[in-house]
Every structure is written in structure tokens, then in C-alpha cells.
Amino acid sequence: MKAKNRDQSLSDSRELDGSYDQLTGNPSTSQSKKTIKQRFLKLLPCCKPSAAPSISQSNVEDDFELSTVCHRPESMDKLQEQTKFTKKELQVLYRGFKNECPSGVVNEENFKTIYSQFFPQGDSSMYAHFLFEAFDTNKNGSVSFEDFVFGLSIILRGTINDRLNWAFNLYDLNKDGCITKEEMLDIMKSIYDMMGKYTYPSMQDDAPREHVESFFQKMDRNKDGVVTIEEFIESCKKDENIMQSMQLFDNVI
């Protein structure tokens, strides 16, 4: 039994650091897929690689029996029903989340701090704010493990429409059901700020606005000054680059 638990812990550790293909059970054979997985997980707070848990910790965490957390997650069986993750995948995600967020939730300031570690060349605070708002579906100022995996399930395993709806919600800052040019510009500026001024090729100061003008012309079909969810999804589906970027997240975990 102990040997089995040791193998389990080793397997979880490999899954967290990207050296193990969880879907096939074999060592990762695709460097690009491994790189995408590592980079994507690093961008998400509370999901960074950590040391493998001890045998006793593993037994406790597998059933979410954590007496030290302030917020106790739903049972894994229930989360498995509500998301598109397997029980094994949820265990891996939870261990990463608990490692960074022992209280069981993360607030916006901690979210920004964790996110900033991966963009030292730029200012990621505003984009992290927008991303936090998208994950904080209950609007209570914190992101729980449930909030985290629900959003992640859509981003990684949802249909194209699911993912585009999630992206639309990210851009719709005031949640009125449409995207204005100002909202799109705020998001775009935050992305450029996050990437920093020393990217190659270098970006001009007016690049965010030019980017938004180009996108808005394509998306605002009826020229009424706002982009609806229907216009957003239709335009994105016709953009080859956007569709390719969506497919990059297939089977990331």
C-alpha cells in the first residue's frame, strides 16, 4: 500500500512539472505541448509546480480532508460532474492550488502578486485585475478552488462557443452584455503593459489603439458602436489566428 502511495505521489509530481502525460500515462513526447502546458499553468495563480506531497498528505488531500483551510471545496465527485476534468486531474490542480493558497481562496492582491512573477519585464497588475474579475463569478472579492476549476474547465475543455463566451465576458468589463471600444482598449492596453516595452519587435505606443480599431471594424457589423456576443463569436470564428490560438489549449492538462 505504501509503495502504491509513493508511486501516486511521484506520478502527481510529474504531472505538475510537465514531465508526465496524464492522458496517456507515458512520458511527454511532444515538447511543444509540454511547453504550452508549463507556460499556461504558470500564468494561472495557485497552479505552479511544487514538491510531491508526503504519503500522509496525499491521503488527506485526495478526499479534500483539510482541517486547516478556511474554505473547504466541494467533493471531487461533485466537481467532476460539474467540470470536464477527471478526478485525477482535479487532485493535481487542487494540490497546486492549496500549495499557493492554503486558506482555500485567493484575493485579488495575492492573485496579482503571483501573476506578476511571470511578467517581470512588464506591469501585469491591470490584466491580472481583469482576469481575477472573470474568475470571481460570485463577485465576493475572492476566487475559490471551485471558481478556479470552473473557469479553467471552460478555457481548456469547453467548446469553441464556451471559450468565446468566456472571452467575451472578460472583455465586457461592466457586464452590460456588449463590448465598447473603450473596454476593448482597456484590455488591450493591459496586455501590452504586461508584455513590457522591451519586446521584440518593439511595440509603438499607439499599437493598442490601432489593434482595437482594426478588430472593432471587423466585429461591429452593424456599426452601432458596440460589439454584441453574437457579433463577437461570429467574427472570432472567421478569424483563423483566433481559432488556432483556441486549439492550442486542447489537452493542455
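Residues numbered from 1 in each chain as written. Predicted model: local features only at pLDDT ≥ 70, side-chain atom pairs only at ≥ 80, totals over all residues. Heavy atoms only, no water.

Asks: Help me out: how do you make sense of the packing of helix α5 (residues 87–100) against helix α8 (residues 145–157) in this one?
Replies: Helix-helix packing is described using two parameters, namely the angle between the two axes and the distance between the axes. Viewed as axis vectors pointing N to C, α5 and α8 meet at an angle of 125 degrees, and their least axial separation amounts to 11 Å. By the angle between their axes, α5 is oblique relative to α8. Handedness of the crossing formed by α5 with α8: right-handed. Contacts between α5 and α8 pair Glu89, Leu90, Leu93, Tyr94 and Phe97 from the former with Phe145, Phe148, Val149, Leu152 and Arg157 from the latter. Residue classes in the contact of α5 with α8 are distributed as eight nonpolar, no polar and two charged. (Axes fitted to C-alpha atoms, helices over the stretch in contact; angles between N-to-C directions. Helix = DSSP H or I, 4+ residues; strand = E, 2+ residues; numbered from the N terminus. Parallel < 35°, antiparallel > 145°, perpendicular 65-115°, else oblique. Left-handed = near helix turned anticlockwise from the far one by under 90°. Contact = heavy atoms within 4.5 Å. Nonpolar A, V, L, I, M, F, W, Y, C, P; charged D, E, K, R; others polar.)

Asks: How should I be thinking about the environment of Phe168 in this particular structure?
Replies: One can find Phe168 in helix α9 (residues 160–171). The spatial distance from the C-alpha of Phe168 to the C-alpha of Ile179 is 7.8 Å, given a sequence separation of eleven residues. In contact with Phe168, other than residues within four places in its own chain, are Gly177, Cys178, Ile179, Val227, Thr228, Ile229 and Phe232.

Asks: Even after reading the chapter, I still don't get the packing of aromatic side chains, so can you show me in this structure?
Replies: How two aromatic rings sit relative to each other is given by the distance of their centres and the angle of their planes. Evaluated as defined, the whole model comprises eleven aromatic pairs. With a centroid separation of 5.5 Å and 70 degrees between ring planes, the pair formed by Phe168 and Phe232 is classed as edge-to-face. Pair noted here: Phe168 is in helix α9 and Phe232 is in helix α12 (residues 229–237), with a separation of 64 residues, a long-range link. Residue Phe168 is classed as buried on the basis of its relative accessible area of 7%. What links up through ring pairs into an aromatic cluster is the set Tyr94, Phe97, Phe135, Phe145, Phe148 and Trp166. The ring of Phe215 carries the charged tip of Lys218 above its face, separated from the ring centre by 5.9 Å. (Phe/Tyr/Trp six-rings, centres within 6.5 Å; stacked < 30°, edge-to-face > 60°. Buried < 20%, exposed > 50% of the residue type's maximum accessible area, 1.4 Å probe, protein only. Lys NZ or Arg CZ within 6 Å of the ring centre and 35° of its normal.)

Asks: How do you make sense of the nonpolar core when you look at a structure like this?
Replies: A general tendency of soluble globular proteins is for nonpolar side chains to be buried together. If you look at the biggest cluster of nonpolar residues, it comprises 49 residues, and the most contacted ones within it are Phe111, Tyr115, Phe135, Phe145, Phe148, Val149 and Phe232. Here this core gets seven residues from one element, more than from any other, and that element is helix α7 (residues 125–135). (Core = buried A, V, L, I, M, F, W, Y, C linked by side-chain atoms within 4.5 Å.)

Asks: Sorry, what's going on with the side chain of Asp172 here?
Replies: Tracing the backbone shows Asp172 in the loop between α9 and β5 (178–180). Of the side chains with opposite charge, Lys175 lies nearest to the buried Asp172, which makes no salt bridge, at 5.9 Å. Filtering out sequence-adjacent residues up to four positions away, Asp172 remains in contact with Gly177, Cys178, Ile179 and Glu183. (Lys, Arg positive; Asp, Glu negative; His and termini not counted. Salt bridge = Lys/Arg side-chain N within 4 Å of Asp/Glu carboxyl O.)

Asks: Sorry, what's going on with the environment of Tyr94 here?
Replies: With respect to the helices and strands, Tyr94 occurs in helix α5. We classify Tyr94 as buried; its relative accessible area is 3%.

Asks: In this structure, what is going on with the environment of Met194? I would like to understand it.
Replies: Within the fold, Met194 resides in helix α10 (residues 181–195). The spatial distance from the C-alpha of Met194 to the C-alpha of Pro120 is 8.6 Å, given a sequence separation of 74 residues.

Asks: How should the pattern of salt bridges be read in this particular structure?
Replies: Two side chains bearing opposite charge may form a pair once their charged atoms approach each other closely. Under the criterion given, the structure shown has four salt bridges. Glu89 is the partner of Arg157 in a salt bridge, and the nearest nitrogen-oxygen pair spans 3.1 Å. You can see Arg157 sitting in helix α8 and its partner Glu89 sitting in helix α5, a full 68 residues away along the chain. Note on Arg157: relative accessible area 17%, which makes it buried. Exposure remark for Glu89: the relative accessible area of 1% places this residue in the buried category. A salt bridge links Glu213 to Lys181; the shortest N-O distance between them is 3.3 Å. In this pair, Glu213 sits in helix α11 (residues 207–219) while Lys181 sits in helix α10, placing the two residues 32 residues apart along the sequence. Taking relative accessible area as the criterion, Glu213 reaches 30% and is therefore assigned partly exposed.

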